[in-house]
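For reference, the chains in residue letters:
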Amino acid sequence: MPQSQAIKTPTAIYCSGQIPCDAEGNLVEGTIQEKTAACIANLKAVLEEAGSSIEKVVKVNAFLTDMANFAVRTSPSGFGDCAVR
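## Some thoughts on the overall build of the protein chain
What the protein chain contains, in helices and strands, is two helices and two strands. N-terminal to C-terminal, the α/β element order of the protein chain is β-β-α-α. Contacts in the protein chain between residues far apart in sequence, at least 24 positions, make up 37% of those at least 6 positions apart. Total accessible area on the protein chain is roughly 6300 Å²; 57% of this is exposed by carbon and sulfur atoms.

Right, here's the structure in full:
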C-alpha cells in the first residue's frame, strides 16, 4: 500500500512524516540544520499541494537519532525559515 503524503479533511490536513530528501528522492547529507531544512521544504510542498501553507501548522513532532542535536533542533533556527510559535 503506498504511503499518503497527507490526508485532507474539511477542517484539517494531516501530513505524513518527512525525511531529508531532495525533489529527486536523494537523501540530503550534512548538518542537522540542512536535513531539517530539507524536511521542512518537503512539508511545505505537501501543504501547498493540499491548498495550505506552513504558516498554518499548529504542531510538529520531531524524531532525533542523536540527542546531541537536541539543542540545535529546538532552537528557532533549527526549523529553517519557519518561526517557532
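Don't stop here, the text continues.
## Structural notes on the side chain of Thr-36
Secondary-structure assignment places Thr-36 in helix α1 (residues 32-49). Looking at Thr-36, its side chain comes within polar contact range of the main-chain oxygen of Ile-32, at 2.7 Å.

## Re the confidence of the model for the protein chain
Looking at the protein chain as a whole, its pLDDT mean stands at 83, while 82% of the residues score no less than 70. By mean pLDDT, the top-scoring element of the protein chain is strand β2 (residues 13-15) (94), and the lowest-scoring one is helix α2 (residues 70-73) (72).

## Remarks on the environment of Ile-19
With respect to the element layout, Ile-19 can be found in the loop between β2 and α1. Taking the C-alpha atoms as reference, Ile-19 lies 5.6 Å from Cys-39; in sequence the two are 20 residues apart. Not counting residues within four places of it along the chain, the set of residues in contact with Ile-19 comprises Leu-27, Cys-39 and Asn-42.

## With respect to the side chain of Asn-42
Within the fold, Asn-42 resides in helix α1. A relative accessible area of 15% means that Asn-42 is categorised as buried. Among all residues touching Asn-42, those that are not within four sequence positions of it are Gln-18, Ile-19 and Cys-21.

## Description of the environment of Val-46
Checked against the element boundaries, Val-46 lands in helix α1. Measuring from C-alpha to C-alpha, the distance between Val-46 and Gln-18 comes to 9.8 Å, with 28 residues separating the pair along the chain.

Each value, and the rule that gives it
Residues numbered from 1 in each chain as written. Predicted model: local features only at pLDDT ≥ 70, side-chain atom pairs only at ≥ 80, totals over all residues. Heavy atoms only, no water. Helix = DSSP H or I, 4+ residues; strand = E, 2+ residues; numbered from the N terminus. Contact = heavy atoms within 4.5 Å. Areas by Shrake-Rupley, 256 points an atom, 1.4 Å probe, with all protein chains shown as cover. Polar contact = N/O pair within 3.5 Å; in protein donor to acceptor, adjacent residues only side chain to side chain. pLDDT = per-residue confidence, 0-100. Buried < 20%, exposed > 50% of the residue type's maximum accessible area, 1.4 Å probe, protein only.

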